[in-house]
Amino acid sequence: MSVGSGQADLYGVPFSGLPKYPMSNNDDYKPTTRLVHGPSHSAKWDFSHHVTPPLSSSTTYRLDSAERGARGFTEFGQYVRDDGETPVYIYDRLDEPTRSILEGELCDAEGGECCVTFASGMAAIAASMSSILALGDEIVTHPVVYGCTHSLFTNWYPKFGFPVHYHNLNDIEGLAQVVSDKTRVLFMESPANPTLELIDLGALRAFADKVNERRPDDRKLLIYVDNTFATPFCQRPIALGADVVLHSLTKNIGGFGTEIGGAVIAPKSMLSTLLLYRKDFGAILSSKSAWAIMVYGLPTLPLRLKRQQYTANIVAPWLEKFDGIVQVTYPGLDSFPQRDLAHKQLRDFDNDFAPGNMIYFTVNDDVIDAKGLLNYVAENAYSVTLAVSLGHTKTLIESPANMTHSSYTDGSAASSTGIRLSIGLESPGDIQRDLEAAISAARRNTQPA
Ligand SMILES: Cc1ncc(COP(=O)(O)O)c(C=O)c1O
């Protein structure tokens, strides 16, 4: 896709050829800078003229010979990304440049070997599993995960012949009893949605390495971490021990609440299978969404997260002081049950502690009416919005037990009085003002009659 290259003459000035840029990101630059500039020297496009990456919007690609068309199909899924060669693009569902430039950026941000994007976070999770599992292969998951992931594991995978076991992945001793030769994947979110529980990834890596000593390469036990809450800004799971990182790009990475997308960052050995799976199951990320995520989302990720984290660090301890709020969970609080692990794993690009923008709190229903609090927000608040999703410019509040995690029909993921708060970019005092009004309005009248 060499736009502009090979031209003999520009405005009468002899054209000496476009400069040859280095292929991948320059490791000498900080990740924050690389998120702004991206792999703008990718073989996926000629960036010699564009400052903002171009948005390619073509369902199909001109083939200059029948041989080139045949080569594109033969090579699809076999090429190593960003190896310096521009791939032969054939058809959008197979591969296309805007999406693949974003994939290069995500791969770099997570420190992975390859990245394949999908139409949503759920499509990415499903593809990362279904593309490697064979009939009878098993998954062990941490019990608390996003509601639709839980639904995938309970409603679909057992039916497809992939049994799923639930086990606390911080209980390594017990895990040895659950993992069998058939287990291919240990799945978790860390921090978990919505409780913010962390998994000790170093301990899990040591466990998996031991299991893998007696396994062939194509049957290794793989550690999958959904890093949607933390984002690569707050945590790089691969450096901590994960094999595969998953993202809902819809959340913090997209950041503005305008695009749905997902990504799998994986070892190079999984690249062709993921690409072939995506080609055949078809859940591609549209180039328009990829472009918005790349141009708006990624460059502003550190800025947004830092600001949201600043506000979360004000709001979380402030919430702790309210009578009737029984527990506030935020990795930045001294009261956070896994404080040491949080300080070890949640580190930003400058190695500063990065507890993120998510707060989870529970209220005592005898003192504060949780539903009333949310309804008050819905009807009266300006700076806090009753809505699912997270990692938005706007502060979003919801009830996981009744909404995002309602697939847990036994209520085991979240308390019925639990409230998830995703901090946005508003002024901290305004968020406090709206929350305080909602808490006061929802306070039950406990005065004796
Ligand atoms: C942790 C986590 N993973 C995955 C998803 C699914 O993402 P999407 O809505 O983009 O499919 C979500 C959605 O809320 C999530 O919170």
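Residues numbered from 1 in each chain as written. Predicted model: local features only at pLDDT ≥ 70, side-chain atom pairs only at ≥ 80, totals over all residues. Heavy atoms only, no water.

The subject of this paragraph is the packing of helix 11 (residues 287–320) against helix 14 (residues 428–442). Viewed as axis vectors pointing N to C, helix 11 and helix 14 meet at an angle of 35 degrees, and their least axial separation amounts to 10 Å. When the axes of helix 11 and helix 14 are compared, the crossing they make is right-handed. Contacts between helix 11 and helix 14 pair Arg307, Tyr310, Thr311, Ile314, Val315, Trp318 and Leu319 from the former with Pro428, Ile431, Gln432, Leu435, Glu436 and Ile439 from the latter. When its residues are assigned to classes, the contact of helix 11 with helix 14 shows nine nonpolar, two polar and two charged. (Axes fitted to C-alpha atoms, helices over the stretch in contact; angles between N-to-C directions. Helix = DSSP H or I, 4+ residues; strand = E, 2+ residues; numbered from the N terminus. Left-handed = near helix turned anticlockwise from the far one by under 90°. Contact = heavy atoms within 4.5 Å. Nonpolar A, V, L, I, M, F, W, Y, C, P; charged D, E, K, R; others polar.)

The next thing to look at is the environment of Glu75. Of note, Glu75 is situated in helix 2 (residues 66–75). Separated by twelve residues in sequence, Glu75 and Pro87 have C-alpha atoms that sit 8.3 Å apart.

Adjacent strands of a sheet pair through backbone hydrogen bonds, lying either parallel or antiparallel. The strand order across the open sheet built from five strands is 10-11-14-13-12, with neighbouring strands paired in mixed fashion. A single partner strand is all that each edge strand has here, and the edge strands are strand 10 (325–329) and strand 12 (384–386). The sheet shows a mean angle of 25 degrees between the axes of neighbouring strands, direction not considered. Helix 13 (residues 370–380) rests against strand 11 (358–363), strand 12, strand 13 (395–398) and strand 14 (418–422) of the sheet, and its axis sits at about 115 degrees to strand 12. (Pairing = 2+ DSSP bridges.)

Quick look at the site of the ligand now. Taken together, 14 residues surround the ligand, and among them Gly121, Asp226, Ser248, Thr250 and Lys251 come closest. Here a nitrogen atom of the ligand sits 2.6 Å away from a polar atom, N or O, in the side chain of Asp226. Within the side chain of Thr250, one N or O atom sits 2.6 Å away from an oxygen atom of the ligand. In isolation the ligand exposes 390 Å². Once the protein is present, 91% of that is buried. Classifying every residue of the shell around the ligand by side-chain character gives four nonpolar, seven polar and three charged. (Near = heavy atom within 4 Å. Polar contact = N/O pair within 3.5 Å; in protein donor to acceptor, adjacent residues only side chain to side chain. Areas by Shrake-Rupley, 256 points an atom, 1.4 Å probe, with all protein chains shown as cover.)

This part covers the packing of aromatic side chains. Following the criterion strictly, the structure yields ten aromatic pairs and no others. Judged by centre distance (6.2 Å) and plane angle (35 degrees), the rings of Phe153 and Tyr157 are tilted. Taken as a pair, Phe153 and Tyr157 lie in helix 5 (residues 147–160) at a separation of four residues, close to a single helical turn. A single burial state applies to Phe153 and to Tyr157, both of which are buried. Taking the centre distance of 5.4 Å and the plane angle of 80 degrees together, the rings of Tyr157 and Phe162 count as edge-to-face. Since its relative accessible area comes to 9%, Phe162 is described here as buried. Within the aromatic cluster, the residues linked to one another by ring pairs are Phe153, Trp156, Tyr157, Phe160, Phe162 and Phe187. (Phe/Tyr/Trp six-rings, centres within 6.5 Å; stacked < 30°, edge-to-face > 60°. Buried < 20%, exposed > 50% of the residue type's maximum accessible area, 1.4 Å probe, protein only.)

Turning to its location among the elements, Thr329 is positioned in strand 10. In contact with Thr329, not counting residues within four places along its chain, are Thr195, Leu196, Phe336, Met358, Ile359 and Tyr360.

Attention shifts here to the packing of helix 3 (residues 97–110) against helix 11. As a packed pair, helix 3 and helix 11 sit with axes 8 Å apart at the nearest point and diverge in direction by 40 degrees. In terms of orientation, helix 3 lies oblique with respect to helix 11. As helix 3 runs across helix 11, the sense of the crossing is left-handed. Contacts between helix 3 and helix 11 involve Thr98, Arg99, Ile101, Leu102, Glu105 and Leu106 from the former and Ser287, Ala290, Trp291, Ile293, Met294 and Leu298 from the latter. Tallied by class, residues from the contact of helix 3 with helix 11 come to eight nonpolar, two polar and two charged. (Parallel < 35°, antiparallel > 145°, perpendicular 65-115°, else oblique.)

All right, on to the sheet that holds strand 8 (residues 244–248) then. An order of 3-9-8-7-6-4-5 is seen for the seven strands of this open sheet, with the pairing classed as mixed. Of all strands in the sheet, those bounded by a partner on one side alone are strand 3 (114–118) and strand 5 (164–166). Geometrically, the sheet is characterised by an average inter-axis angle of 20 degrees between neighbouring strands, direction not taken into account. In terms of strand pairing, strand 3 meets strand 9 (residues 262–266) through five bridges, oriented antiparallel. Within strand 9, the position partnered with Val116 by the bridge is Val264. This element, helix 5, spans strand 4 (138–141), strand 5 and strand 6 (183–189) of the sheet and lies at about 130 degrees to strand 5. Against the sheet, helix 10 (residues 271–281) engages strand 3 and strand 9, with an angle of about 15 degrees to strand 3.

Purely geometric numbers; function is a separate question.
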